[in-house]
Amino acid sequence: MAKKICQQLGLPFSPLKTQKYANGCFEVFLDEVVSQKIVFLIQTSVSQTLHRDLWELFQMVSAASRFGAKEVMVIMPYISYARSDKIHDFGMTISGKLLVELLEASGMRGFIGIDFHSTLFEKFFSKAKVYHLSALPLIANYLETKNLENV
C-alpha cells in the first residue's frame, strides 16, 4: 500500500530495514536521511502480526523523531485497539488510549486514520494533530455502481 501511495504522489518509497535477533527481538532502521523533513509512516495493525506491527511502528516513529524529522506523521488504515475506548471491567486499562500515548511518547505529532471505532478514540490524542478520514462515501459510491437490491 505504501508503495502505491508513493507512486501515485510521485514520491520515493523508502523501504524499512529490519535486523532480527535469535531471541525474537528486532530493530528497525530508516534508510533515508529524515532531518528537517516531514516523515509519513504508513503502518497497519492486523491480527496475525498485530504486536509486531505496533512495535515496529513505535521504533520507526522514535527513529524518525530522534534523527531530526521536522514532523512525524503516522498513517494507520486499520487501528487495532481503537475499540478499547473505555473501561469495561475492574483492573483493565484503556488500550486505545495507551496506544496513542505510546505513539506520542515516541515522537508522533500527526495521525491519519480511517473510520475510527468511536469519537472517544480521537479524544485520546493530546500532542498529535488528528486527521480522521472516512471511506464510507467511497464504499457507498462503489455499491451504487453495482445496482444491488436491498443493500
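Note that this is a predicted model, so its numbers are computed, not measured.

What follows is about the overall build of the chain. When helices and strands are counted, the chain shows five helices and six strands. Going from N to C terminus, the chain has its helices and strands arranged as α-β-β-β-α-β-α-β-α-β-α. Within the chain, buried positions represent 34% of all 151 residues. Sequence-distant contacts in the chain: of pairs separated by 6 or more residues, those separated by 24 or more amount to 56%. Accessible area for the chain stands at about 10,300 Å²; split by element, carbon and sulfur atoms hold 57% of it. Here the chain holds 16 positive side-chain charges and 14 negative ones, and the gap between their average locations is 5 Å.

What follows concerns unusual backbone geometry. A positive phi angle is found at Gln-36, which is not glycine, with a value near 65°. In this structure, Gln-36 sits in the loop between β2 (26–29) and β3 (38–42). You will see that Tyr-81, though not glycine, has its phi angle at about 75°, which is positive. The topology assignment puts Tyr-81 in the loop between β4 (71–76) and α3 (95–106).

On β2, burial follows the alternation: Phe-26 and Val-28 on one face are buried, whereas Glu-27 and Phe-29 on the facing-out side are not. As paired elements, strand β1 (residues 17–20) and β2 share four bridges and run antiparallel to each other. Paired with Lys-17 across the strands is Phe-29, a residue of β2. Between β1 and β2, which pair antiparallel one after the other, the connecting turn spans five residues, and Gly-24 there sits at a positive phi close to 95°.

This part covers the packing of aromatic side chains. Following the criterion strictly, the structure yields seven aromatic pairs and no others. Relative to Phe-116, the ring of Phe-111 has its centre 6.2 Å away and its plane inclined at 50°; by these criteria the two rings are tilted. Assigned by exposure class, Phe-111 and Phe-116 land together as buried. Put simply, the rings of Phe-111, Phe-116, Phe-121, Phe-124 and Phe-125 pair up and form one aromatic cluster. It is Arg-52 that lies over the ring of Phe-26; its NZ or CZ is 3.9 Å from the centre.

What follows deals with the nonpolar core. Core analysis: the biggest nonpolar cluster contains 29 residues, and Leu-57, Val-61, Ile-79, Leu-103, Met-108, Phe-111 and Phe-121 have the highest contact counts within it. Only β2, β3, α2 (50–66), β4 and α3 provide two or more residues apiece to this core. Ranked by residue count, the leading element in this core is α2, at seven residues. Sequence-distant contacts of Leu-103, defined by excluding residues within four places in its chain, comprise Leu-57, Phe-58, Val-61, Met-108 and Phe-111.

In space, the four strands of this open sheet follow the order β3-β4-β5-β6, with parallel pairing throughout. Each of the sheet's edge strands pairs with one partner strand only, and the pair in question is β3 and β6 (129–133). With direction set aside, neighbouring strand axes in the sheet form an average angle of 15°. In this sheet, strand β5 (residues 110–114) lies alongside β4 in parallel orientation, the contact comprising four bridges. Paired with Met-73 across the bridge in β5 is Gly-110. Taken strand by strand, α2 contacts β3 and β4, and its axis lies near 160° from that of β4.

Thresholds, definitions, all that
Position numbers for residues count from 1 along each chain, tracking the sequence in the order it is written. Since the coordinates come from a predicted model, pLDDT governs what is reported: local features require at least 70, and pairs of side-chain atoms require 80 or more to be given and counted, while whole-chain, interface and lining totals use all residues. Side-chain numbers come from the whole structure's heavy atoms, not from hydrogens or water. Labels follow the DSSP assignment, with helices taken as runs of H or I lasting at least four residues and strands as runs of E lasting at least two, numbered in each case from the N terminus. Summary of the burial criterion: residues with accessible area below 20% of their type's maximum are buried, those above 50% are exposed, and those between are partly exposed, where the area comes from a 1.4 Å probe applied to protein chains only. By definition, residues are in contact when any of their heavy atoms lie within 4.5 Å. Only the protein chains shown count as cover for residues, with accessible areas throughout obtained via the Shrake-Rupley method and a probe of 1.4 Å. A residue counts as positive if it is Lys or Arg and as negative if it is Asp or Glu; His and the chain ends are not included. All charge positions are set by atom: Lys at NZ, Arg at CZ, Asp at CG, Glu at CD. In this analysis, strands are considered paired if DSSP registers two or more bridges between them. In this analysis, rings of Phe, Tyr and Trp, with Trp reduced to its six-membered ring, are considered paired at centre separations within 6.5 Å, and the interplanar angle assigns stacked below 30 degrees, edge-to-face beyond 60, and tilted for intermediate values. Placement of a positive charge over a ring is assigned whenever Lys NZ or Arg CZ falls within 6 Å of the ring centre and within 35 degrees of the normal to the ring plane. Definition used in this section: a nonpolar core is a set of buried Ala, Val, Leu, Ile, Met, Phe, Trp, Tyr and Cys residues joined via side-chain atoms within 4.5 Å. Think of each axis as a best-fit line through the C-alpha atoms, taken over the contacting stretch in the case of a helix, with angles from 0 to 180 degrees between the N-to-C directions.

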